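Descriptive structure summary
Chain by chain, the residues:
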Amino acid sequence: MEKRTDKNSYTIIFAIVMVLVVGTLLAGLASSLKPRISENQRLEKQQNILYAMGINNNDDTSANFIATENAEKLFTENVEEQMVLTSKDGKLVSQMTRQEYMDANNGQEPYLIDVKKQKSNAKNGEGRQLPLFIGKSKDGNTVYVAPIYGKGLWDAIWGYVAMDKNMVVQGAYFDHKGETPGLGANIKQRYFMDDFIGEHLLSADGAFKGITVAKGNADPKNNDKTDNEVDAIAGATITGDGVSAMIKSDLRLYKPYFDNLKN
Amino acid sequence: MGLLSKKDAKLITDPLADNNPITIQVLGICSALAITAELEASIVMSISVLFVMGVGNVVISLMRNIIPSKIRIIAQLIVVATLVIIVDLVLKAFAYELSKTLSVFVGLIITNCIIMGRFEAFALGNGPWRSFLDGIGNAAGYAVILIIVGFFRELLGSGTLLGIPILGDPIEKTGLYSIGYENNGFMLLSPMALIVVGIIIWVQRTRNKDLVED
């Protein structure tokens, strides 16, 4: 005798009911948790920016953010200005202060600008908005923090780079969506991020050169800070190339701002 | 054993050695290659799979009499995907730090053939308690291999364990490095994971000839 569950009608009804139940469950869960999740992501951005500025809970070897509950307060205290520059064809066409940007964008803070979206705007020939966060680092020096965004081996990678007015890196934070654990995922390890500190983004003659994640550069201890190179991670060539590429393509756009600053 | 009958205990102990999902059934190889470059990642993955296997096997077992056989694979896939997404969302909302550590494993868990394999081979034909034990047993068997491979790959590839330097500092040339030892960068690449798994299979089959097929 045919089992009840072998009938076509039963199969179809089962499939419909299962999809409805699972769909409703997931949709309900996702939308009820959404406010909490986006709040977490917002605080993480603040922690990222503060990390690059040197305001973090690092111990000897591992990278630690400041506590989530302090993020809002420390961010307001330490980030003194959030500029929004607009860049088109490699030139700066305008710049806004935080207040001007918020007035024009229903009160959205500049640090919430979607870098990925701005990058694709630029590809379509539109202007690209470049957020720049200015504040005091742990040592009291003025630092300029810029977000960067690019792609690694499997998925997106991004980060924040803090520079002084000569475009010398003062701190860096990198993160990734899905790089291989143990290999590419190590770009967010302390030993890799710390290598960027003190490294020059400009070449000796003042042109923008970026920082290359280089294999076999005969400087594994990274003593030479003006060679525009840091030591790569073994087994993570493509992720490393992605880091070099996003530093070159995104930070280059800020160069005119720093040129203006000097004059 | 007081807690488990002999038959039930076998469900846990078998997959640890003589019926190991990786070395004997050759399932779950892909994730064993992908995430064993570091011991820590292996441990995190093992715990995640333990959770999903335990709960997933029970859910499938409870549904075993109502799942139509024609679409059972899709039904299993939906159960495991739903479980993983729920865990991911809840972690993102309430334990954000942890969720960032685990995010890359989510996709790997869904595609882990051991999970689908146990749903299909065991949970569809057995009660919830036995299915739970089977799930835990197989996940533990998977974990043992993952941790062994992760141990050797991190130790020989980077000279560290759980990120802590064991053999000295390769740049300052202290410890073992002072007498000319070098890290084997090859260990960090996936082919070496396959070779380590191969060596484990070799050792296991040399010790227990019953496992050798003709």
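Right above here is the structure, for reference.
To keep things clear, this report deals only with the structure shown in the data block.

Cut-offs used in this document
Residues numbered from 1 in each chain as written. Chains lettered and ligands numbered in written order. Predicted model: local features only at pLDDT ≥ 70, side-chain atom pairs only at ≥ 80, totals over all residues. Heavy atoms only, no water. Helix = DSSP H or I, 4+ residues; strand = E, 2+ residues; numbered from the N terminus. Buried < 20%, exposed > 50% of the residue type's maximum accessible area, 1.4 Å probe, protein only. Contact = heavy atoms within 4.5 Å. Lys, Arg positive; Asp, Glu negative; His and termini not counted. Charge placed at Lys NZ, Arg CZ, Asp CG, Glu CD. Buried area = accessible area lost by both parts, 1.4 Å probe. Salt bridge = Lys/Arg side-chain N within 4 Å of Asp/Glu carboxyl O. Polar contact = N/O pair within 3.5 Å; in protein donor to acceptor, adjacent residues only side chain to side chain. 1 Å grid on protein atoms, 1.4 Å probe; cavity = no way out; pocket = protein on both sides within 12 Å on 5 of 7 lines; lining within 4 Å. Points joined across faces, edges and corners; volume = space filled by probe spheres on them. Core = buried A, V, L, I, M, F, W, Y, C linked by side-chain atoms within 4.5 Å. Axes fitted to C-alpha atoms, helices over the stretch in contact; angles between N-to-C directions. Parallel < 35°, antiparallel > 145°, perpendicular 65-115°, else oblique. Left-handed = near helix turned anticlockwise from the far one by under 90°. Nonpolar A, V, L, I, M, F, W, Y, C, P; charged D, E, K, R; others polar.

**Focus: the overall build of chain B**
If you tally the helices and strands in chain B, you get eight helices and two strands. Listing each helix as α and each strand as β along chain B from the N terminus yields α-α-α-α-α-α-α-β-β-α. Overall, chain B is about 65 × 50 × 35 Å in size when its C-alpha atoms are taken along their principal axes. Counting over 214 residues, chain B shows a buried share of 46%. Within chain B, counting contacts between residues at least 6 apart in sequence, those at least 24 apart form 75% of the total. Across chain B, the 15 positively charged side chains and the 16 negatively charged ones have centroids separated by 11 Å.

**Brief notes about the interface of chain B and chain A**
Each side of the interface is counted separately: chain B has 33 residues, and chain A has 36 residues. In total, about 2800 Å² of surface goes out of reach between chain B and chain A, with carbon and sulfur atoms giving 70% of it. On the surface where chain B and chain A come into contact, there are zero salt bridges. Taken together, the connections running from chain B to chain A amount to seven residue pairs in polar contact (both at pLDDT 80 or more).

**Some thoughts on unusual backbone geometry**
If you check the backbone angles, Met167 of chain A has positive phi at about 60 degrees while not being a glycine. Among the structural elements, Met167 of chain A can be located in the loop between strand S5 (156-163) and strand S6 (169-176).

**A short note on empty space enclosed by the protein**
All names here are of chain A. What the rule picks out here adds up to one cavity of 30 Å³ or more. The calculated volume of the largest cavity comes to roughly 30 Å³. As for the largest cavity, its lining consists of Val115, Arg128, Gln129, Leu130, Pro131, Pro147 and Tyr254. If you tally residues by element for the lining of the largest cavity, the top one is strand S3 (residues 128-136), at four residues.

**A few points about the nonpolar core**
Looking at soluble globular proteins, one finds that nonpolar side chains tend to be buried together. Core analysis: the biggest nonpolar cluster contains 46 residues, and Phe14 of chain A together with Ile22, Met45 and Phe105 of chain B have the highest contact counts within it. Broken down by secondary-structure element, the contributors of at least two residues to this core are helix H1 (8-52) of chain A together with helix H2 (29-34), helix H3 (39-62), helix H4 (72-94), helix H5 (96-110), helix H6 (113-121), helix H7 (128-158) and helix H8 (190-207) of chain B. When residues in this core are grouped by element, the largest group, seven residues, is from H3 of chain B. Apart from the residues within four sequence positions on either side, Met45 of chain B is in contact with Ser31, Ile35, Phe105, Leu108, Ile109, Asn112, Tyr142 and Leu146 of chain B. Grouped together as the second largest cluster of nonpolar side chains are 41 residues, Ala172, Phe196, Ile211 and Leu251 of chain A included.

**Brief notes about the pattern of salt bridges**
All names here are of chain A. With the rule as written, the count across this model stands at 15 salt bridges over all chains. Where Glu72 meets Arg42, a salt bridge forms, and the shortest distance between an N and an O atom there is 2.7 Å. Taken as a pair, Glu72 in helix H2 (residues 68-78) and Arg42 in helix H1 lie far apart in primary sequence, 30 residues in all. Exposure remark for Glu72: the relative accessible area of 34% places this residue in the partly exposed category. Across the pair Arg98 and Glu109 runs a salt bridge, and its minimum N-O distance is 2.9 Å. Placement of the pair is Arg98 in helix H3 (residues 98-104) and Glu109 in the loop between H3 and helix H4 (115-123), with a sequence separation of 11 residues. Judged by its relative accessible area of 28%, Arg98 falls in the partly exposed class. Here the salt bridges share partners, and the residues they tie into one network are Glu39, Arg42 and Glu72.

**Examining the packing of H4 of chain B against H5 of chain B**
All names here are of chain B. Between H4 and H5, the shortest axis-to-axis distance is 8 Å and the interhelical angle comes to 165 degrees. When the axes of H4 and H5 are compared, the pair comes out roughly antiparallel. Remark: the crossing between H4 and H5 carries left-handed chirality. Of the residues in H5, those in contact with Ala81, Val84, Asp88, Leu91, Lys92 and Phe94 of H4 are Tyr96, Leu98, Ser99, Leu102, Val106, Ile109 and Ile110. The residue makeup of the contact of H4 with H5, split by class, is 10 nonpolar, one polar and two charged.

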